[in-house]
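# Analysis of the macromolecular model
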Amino acid sequence: MTEAAELPPVPEQARDVFGDRYADAVRYAELLAEAGVKRGLIGPREVPRLWERHLLNCAVLSEVVPEGVTVCDVGSGAGLPGIPLALVREDLKITLLEPLLRRTNFLTEVVELLGLDHVTVVRGRAEEVMGKMPPVHVVTARAVAPLDRLATWGVPLLRPYGEMLALKGDTAEEELKAAATALSKLGAVDTSILHVGEGVVDPMSTVVRVEVGESPGGVRFAAKRAKAARTGRARRRRG
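Everything numeric in this text was worked out from a predicted model, so none of it was measured. (Residues numbered from 1 in each chain as written. Predicted model: local features only at pLDDT ≥ 70, side-chain atom pairs only at ≥ 80, totals over all residues. Heavy atoms only, no water.)

Its 17 residues place the ends of helix 2 (residues 22-38) 24 Å apart at the C-alpha level, agreeing with the 24 Å of an ideal helix rising 1.5 Å per residue. For helix 2, the full list of buried residues reads Y22, A25, V26, Y28, A29, L31, L32, A33, A35, G36 and V37. The inward-facing, buried residues of helix 2 contact helix 1 (13-18), helix 3 (50-59), helix 4 (82-88) and helix 5 (101-114). Two residues or fewer past helix 2, G40 is found with a positive phi of approximately 75°. (Helix = DSSP H or I, 4+ residues; strand = E, 2+ residues; numbered from the N terminus. Expected span 1.5 Å × (residues − 1). Buried < 20%, exposed > 50% of the residue type's maximum accessible area, 1.4 Å probe, protein only. Contact = heavy atoms within 4.5 Å.)

Right, let's talk about the UniProt feature "binding site: S-adenosyl-L-methionine" (unreviewed entry) in the protein for a bit. The UniProt entry lists G75, L80, A126, E127 and R142 under the feature "binding site: S-adenosyl-L-methionine" (unreviewed entry), expressed in the numbering used here. Take L80: it is sitting in the loop between strand 1 (70-74) and helix 4. With a relative accessible area of 10%, L80 lands in the buried category. In this view, L80 contacts Y28, H54, C58, D73 and R142; residues no more than four positions away in its chain are not counted. Inspection of the secondary structure assignment puts R142 in strand 4 (residues 136-142). Accessibility expressed as a relative area gives 17% for R142, which makes it buried. Apart from residues no more than four positions distant in its own chain, R142 is found in contact with R53, H54, N57, C58, L80, P81 and L167. Looking at R142, its side chain comes within polar contact range of the main-chain oxygen of R53, at 2.6 Å. (UniProt positions renumbered as here; feature names shortened; annotations may be inferred. Polar contact = N/O pair within 3.5 Å; in protein donor to acceptor, adjacent residues only side chain to side chain.)

What follows is the structure, encoded as structure tokens:
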């Protein structure tokens, strides 16, 4: 177990990618390799490839995230891609959304330890927080679910004309085709497959971008969102 959980040397690219936050990125990698493995958040076999497959692979998502926007990382798990993204982009306001308590405890500890003041940890499922959390410009996700199912959770959290950025692997094109009808019903107006991280990760990271129009989530979710907002206002008045 100890040997399997041994961290590899830090790649040279990490210094360029994380810049002033390089030391924090190293500490995060150590936390994943230690507490992350002990708490079952990542498997010990992932530790030798933590940098290339996880931290750098997620950090390069920043190439396609607009400046100064709000982001919700759905099903954040051990903080991927949300925490690497937060380390390289202090201009973003990031919410790490995760339903499991042991994961949110870990995320809260990491956020506090690394001084990520622009990051908030929220325990809950996407369908539970809709209407309670302000809509965001960008939803991110990695290894959460197939695209059609992921979209039903992530797209309704977007503000009008927002976008969902899902890190995917070799199945990206296949998933996008299979999800076409579902995405259309959810208010998607454009989709594309992007490749990021040239010169940093090999192979490059694959991102599925889903852009929405004025009704993210479609008609059904617009009604649900309006009802949740009304309930929230009523609670605030009573409080």
